[in-house]
Each structure stands twice: as C-alpha cells, then as structure tokens.
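Coordinate inspection notes
Each chain, written out:
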Amino acid sequence: MSKQDFKRKIACIGAGYVGGPTMAIIANKCPEYKVTVVDIAQPRIDAWNSNNLPIFEPGLEERVLAARGKNLFFSTDVDSAISEADIIFVSVNTPTKTFGQGAGKAADLQFIEKTARKIKEVSKSDKIVVEKSTVPVRAADTLDQILHSGEGGPHFEILSNPEFLAEGSAISDMENPDRILIGSKETEKGLEAREELCKVYAHWVPRERLITTNLWSSELSKLVSNAFLAQRISSINSIAAICEVTEASVSEVSNAVGRDSRIGRKFLNAGVGFGGSCFRKDILNLVYLCEFHGLEEVAEYWRQVVAINDFQMSRFVKRITKAMFNTLVDKKIALFGFAFKPDTGDTRDAPALQITLGLLQERAKLCITDPHALPNAKLDLKGCEGTVDFEEDPYRAIEGAHAIALVTEWSCYKDLDFKRIYDLMEKPAFIFDGRNLLDHKALFEIGFNVYPLGKPDLKHF
Ligand code: NAD
Ligand code: UGA
C-alpha cells in the first residue's frame, strides 16, 4: 500500500512504554492505517528505528519489525504527524508533581498541556484526540478548553481510552485484552468519534469487550483499576506480616482466601511491595483528587495502601538485619533482581531501590544482579553513598556474600545451582526470598538459613 492510500492516519505523541507497544499492535492489526509515533526525545526515536529497541518487552521486537517502514513509523517530526493525522493518541508521561501545589501527590500535567497546545498550533483539520495517558478525572475538560481556545479553528473531539497493559506482558495484554474502555461526550459528534475508535480496536477485539462510557467514568476507572490492584497487594502484604509472627503461611492463606470465587486468586502474591511507574503515582493522584474535593476520609483510606507498601519494604530490610545478628556492617549482600517485576528492564519506583538504600544505611556492601535492569539500576544508584557493585552473572555476584536477598522473581533464578552458590558464600549463609520464588526446603537442606516472605523461617541455629 503506498503511503497516500492509507484509509486513516494515526499519530501517537509519546514513544514510551505505552506509546511504542500499543501503536506497534495497532499497526500490525490494522494494515490499512498509517501509524506514526512521535517523541521529542531524539535518542528514544533513534532507538525505535534501530535493532536495539528502547524497551525490553517479550514479543515487541517481532511486532515492530513486522510493521516498521510499512505502516508504522517513528519520528521526531511532531508537527507533520499531527498535521496529517485523523486520530491523535496522547501517550505522554504524567508523573507525580514534585513541586508547588500538590507536590508529591497530584499529577504533573505539563506534558499533556504542552501536547494539547502543540496540537492546536499545528492542526488545520478536525481531529479526534485520544487521552491514552493516565490523567485525573476531568482532564478532558482542560484539553477541550485549550484545544478550542480562541476564534474559529478546527474541531477536536476528545476521547478517553486509558491503557491497562502491564509491563512484561504488554503484547499479550494488548492482543487479548480483558476490555478496552472508551469514554466520550454523549453528543452526536462524541458518539461518532467513539465509533471511529471502536472500529480500530474491532480489528482484533470482540465487540463485547469494548466498554463505552462517558468521559469522566472512563478517566476515573483507570485510577480506580490501579488502586484496586494495588490495594489487593497491600492487603496480602499486611497479612504476610501477621503470618511471620504466627507461623501461618501467606501462600496457604492467599490460596485459601483466593479460592473464594468472589475474591479471586489473582494479585494476591505477597512480596516486598509493589513498584512500577504507576501504582503509587495513580493512588496518590486519587488521594489528591479526594483531598481537593474535601473527601478526607476517602483520601485516608487510599493513603493507607501506599503506607502499607512502604512498611513492607522497610520490614524486609529490618528482617534481614535482625536475622543477621542485628548488624550488616561490611557484610556482602547479593541482591537478586532490580527490575520492579520480571520480564522488564524497567526500574521506576522499584522496591529494589528502597531496599538497596535501606541496606546501605545499615552499611552493608551490595552486589546487584539482574538479567535486564542493570543499566537502569546503575543510573538510579549513581552518586548514592556506600558500596554497590553490579554483576550480570549471579554466580559472581554471590562470591563471598553473607546473604542473598531475592527482590524480583525472574524465573531464571529458580534454575540456579544453589549447592554451587552455597559453597561460594560465607557461612552461615542466608537467603531472604522476598517473592517466595525458590524451593525453601531444598535450600535449607543444602545448608542455607532461609527466610521466606510471610512464612516461618527455616534456620539451622
Ligand atoms: P514514558 O515516560 O515511557 O513515555 C512518555 C514519552 O512521552 C517520553 O518518551 C517523553 O519524551 C514523551 N513526551 C513528553 N512530552 C512530550 C511532548 N510534548 N511531545 C512529544 N513527546 C513527549 O511513559 P509511559 O510509561 O509510556 O506512560 C505514559 C502514560 O501512560 C502515563 O500517563 C502512564 O501513567 C500511562 N500508563 C503507563 C503504563 C505502563 O505500563 N508504563 C500502563 C498504562 C498506562
Ligand atoms: C499495572 C497494572 O497491572 C496495569 O493494568 C496498568 O495498566 C499499569 O499498572 C499502569 O497503569 O501502568 P505494571 O505496573 O506494569 O501494571 O505491573 P503489575 O503486574 O501490575 O505489577 C506491579 C507491581 O505489583 C510489581 O512490582 C509486582 O511485583 C507487584 N505485584 C503484582 C505483587 O507484589 N503481587 C502481585 O500479586 C502482583
């Protein structure tokens, strides 16, 4: 298909963890659409156009290679992409504000606003503008006001289409989503635009999985989905703390509770805490919204989900310190995993970061290993005080170590030769399995003192 024959032109502003993978799937599934992903960050765009994509995500490379140069394009020419597009996805970052009013809680909407101003400045024809980024409720109002400010000009119909993909499973989440949510104004033009976007997804998503709502329900549902998921993790993590002092096993409790079909089994794995770029940010965003609307009790309810998460990370460090005779000074601890979850190199808000800083405060010497996240780990820990080494090979990371702290449940750690590891470590050798990934009984039999999370210790003294 030559470029001018494309049925529709889509632009996506923001070539990050969401923009890149989602547009790669749309391009694969809709060959008659031209999809152009743009970003102001030249190195990111260069990477998308290279053989070394800027993010690691299983299945992504094949999807990008199948469409790139045919109907999928990556560019820094933001103006041209906007100008020719019929549909514009806004997929820029919406981090927590670090300054001024609402600092530490509210969403920083500067990138959304700059994007809206750019769309207004460049556009000569009517367009559908899709909020893909996670935003506070009623952000579409702001977009509307900016886009339609001044006299005349084209018409912009704003849709909310929040993204529910999880990192590490982004491709399968996109290709086989539980649901696609599309919010619109309930006007004639709003409903037309909604149908236009439904048609894109209907290329591969059954119609019954396309949920349509008003704009505000859609914006709020995204924050609520993340808040509910995080709440389940904090709930089970709070129970893990009770398990550790009562000799109950959190895995058994989680299984027994989750087998009630009303509760369900997913997202009940206790661990060192949730991380990633969104859970904390989106809950805090919800907290700020509640405070803004004078709903202090509701704000406090959600604040506790974050508080338990922080407690869980510091509890892990305290447990390590207490088990290792109340001092970590000059002891070498090998940290297994730095990514916020397996199958990604992403370390944004990774629990490993707080745990590393906590262990360094106790003056432990750290050696961090991770199959994909070491480049980001190095950036995150640049300039921090204390001894931190990075080692790709876990066997080298544990040489002379007093303890292993497993923080990310990479499946490759299950296949390690723990007898060999035990022989290379200082004795007594400790393992703190922060994700309950390993075979604790087998490790104990090798000679390790084993501290699973939310379960009784297995120790030789
Ligand atoms: P990201 O930081 O990886 O990517 C955002 C990109 O937008 C960056 O490359 C940045 O350079 C670019 N950008 C910022 N301002 C721009 C501008 N004015 N013009 C052009 N490009 C600009 O962020 P992300 O992880 O892809 O998240 C994007 C949004 O999606 C956020 O709101 C996030 O909450 C939401 N979200 C993320 C995930 C996830 O798994 N990461 C999942 C669902 C929703
Ligand atoms: C999460 C949501 O799952 C996505 O639906 C959402 O689109 C996305 O946030 C977003 O808005 O950014 P993600 O953060 O990529 O996706 O990954 P999750 O699988 O949700 O894991 C988040 C954290 O929770 C990880 O640190 C993980 O280790 C932890 N987790 C998850 C647990 O500790 N226990 C569990 O049972 C599940």
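What counts, and at which threshold
- Residues numbered from 1 in each chain as written.
- Chains lettered and ligands numbered in written order.
- Predicted model: local features only at pLDDT ≥ 70, side-chain atom pairs only at ≥ 80, totals over all residues.
- Helix = DSSP H or I, 4+ residues; strand = E, 2+ residues; numbered from the N terminus.
- Rg over C-alpha atoms; globule rule 2.2 N^0.38 Å.
- Buried ≥ 20, exposed ≤ 12 C-beta atoms within 10 Å, placed from the backbone.
- Contact = placed C-beta atoms within 7 Å.
- Near = placed C-beta within 6 Å.
- Nonpolar A, V, L, I, M, F, W, Y, C, P; charged D, E, K, R; others polar.
- Domains from an automatic or database assignment.
- Core = buried A, V, L, I, M, F, W, Y, C linked by C-beta atoms within 7 Å.
- Axes fitted to C-alpha atoms, helices over the stretch in contact; angles between N-to-C directions.
- Parallel < 35°, antiparallel > 145°, perpendicular 65-115°, else oblique.
- Left-handed = near helix turned anticlockwise from the far one by under 90°.
- Pairing = 2+ DSSP bridges.

1. Section: the overall build of the chain
- The helix and strand tally for the chain stands at 17 helices and 14 strands.
- Here the chain has a C-alpha radius of gyration of 24 Å; the compact-globule value for 461 residues is 23 Å, and the two agree.
- Buried residues in the chain amount to 47% of all 461 residues.
- Pairs at least 24 apart in sequence give 72% of the contacts found in the chain among residues at least 6 apart.

2. Looking at the site of ligand 1
- Around ligand 1 there are 26 residues in total, and Gly 14, Gly 16, Tyr 17, Ser 133 and Thr 134 lie nearest to it.
- Broken down by element, the shell around ligand 1 gets its largest block of residues, 3 residues, from helix α5 (residues 110-122).
- Taken together, the residues of the shell around ligand 1 break down into 11 nonpolar, 10 polar and 5 charged.

3. Thoughts on the site of ligand 2
- Near ligand 2 there are 20 residues, and of these Ala 166, Asn 269, Phe 274, Gly 276 and Cys 278 occur at the shortest range.
- Broken down by element, the shell around ligand 2 gets its largest block of residues, 3 residues, from helix α9 (residues 215-246).
- When the residues that make up the shell around ligand 2 are grouped by side-chain class, the tally is 11 nonpolar, 6 polar and 3 charged.
- Residue contributions to the shell around ligand 2 reach at least three from each of two domains, namely domain 1 (3-205) and domain 2 (215-461).

4. Thoughts on the domain arrangement of the chain
- Looking at the chain, the domain boundaries give domain 1 (3-205) and domain 2 (215-461).
- For domain 1 versus domain 2, the separation of C-alpha centres amounts to 33 Å.
- Between domain 1 and domain 2, the contact holds 27 residues from the first and 26 residues from the second.
- Among the elements of the structure, α6 (139-147) and β7 (180-184) are those that each provide at least two residues to the side of domain 1 that touches domain 2.
- Ranked by residue count, the leading element in the side of domain 1 that touches domain 2 is β7, at 4 residues.

5. Things to note about the nonpolar core
- One finds Ile 88 and Val 129 to be the most contacted residues of the largest nonpolar core, which totals 57 residues.
- Top element by residues in this core is helix α1 (residues 19-29). It accounts for 5 residues.
- In terms of nonpolar packing, the next biggest core, distinct from the first, is built from 50 residues, Ile 355, Leu 360, Leu 406 and Ile 421 among them.

6. What to know about unusual backbone geometry
- In the segment running from Lys 427 into Pro 428, the intervening peptide bond is cis, with an omega of -5 degrees.
- Tracing the backbone through its elements, the reader meets Pro 428 in the loop between α16 (418-424) and β13 (430-433).
- Residue Asp 343 is not a glycine yet carries a positive backbone phi of 65 degrees.
- Considering the arrangement of structural elements, one finds Asp 343 in the loop between β9 (332-336) and α13 (351-361).
- With a phi angle near 65 degrees, Arg 363 is a residue other than glycine that sits in the positive phi range.
- Examined against the element boundaries, Arg 363 turns out to sit in the loop between α13 and β10 (365-369).
- Judged by the 14 C-beta atoms lying within 10 Å of it, Arg 363 falls in the partly exposed class.

7. Description of the packing of helix α12 (residues 296-323) against α13
- Following both chains from N to C, one finds α12 and α13 inclined at 40 degrees, their axes separated by 9 Å at the closest point. As judged from the angle between their axes, α12 and α13 are oblique. Between α12 and α13 the crossing geometry is right-handed. Across the interface between the two elements, Met 313, Ser 314, Phe 316, Val 317 and Ile 320 from α12 touch Pro 351, Gln 354, Ile 355, Gly 358 and Leu 359 from α13.
- Here the residues of the contact of α12 with α13 sort into 7 nonpolar, 3 polar and no charged.

8. Topic: the environment of Val 18
- Here Val 18 lies in the loop between β1 (8-13) and α1.
- For Val 18, a count of 25 C-beta atoms within 10 Å gives the class buried.
- A sequence separation of 152 residues divides Val 18 from Ala 170, and the C-alpha atoms of the two residues are 8.5 Å apart.
- Excluding anything up to four places from it in sequence, Val 18 contacts Ser 91, Lys 132 and Glu 163.

9. Structural notes on the packing of α1 against helix α3 (residues 60-67)
- With their axes 9 Å apart at the nearest point, α1 and α3 run at an angle of 50 degrees to one another. Here α3 runs oblique to α1, going by the angle between their axes. The two elements α1 and α3 meet at a crossing, and its hand is left-handed. Of the residues in α3, those in contact with Pro 21, Ala 24, Ile 25, Ala 27 and Asn 28 of α1 are Leu 60, Arg 63, Val 64, Ala 66 and Ala 67.
- Taken together, the residues of the contact of α1 with α3 break down into 8 nonpolar, 1 polar and 1 charged.

10. Some words on the sheet that holds β10
- One open sheet holds the 6 strands; their spatial order is β11-β10-β9-β12-β13-β14, and the pairing between them is parallel. Either end of the sheet is taken by a strand with one partner, and the two such strands are β11 (388-390) and β14 (449-452). Within this sheet the neighbouring strands show an average axis-to-axis angle of 20 degrees, counted without direction.
- Inspection of the sheet shows β13 paired to β14 by 4 bridges, in the parallel sense. Considered in β14, the bridge of Ile 431 is made with Val 450.
- Sheet contacts for α12: β12 (403-406), β13 and β14; angle to β13, the most-contacted strand, approximately 165 degrees.

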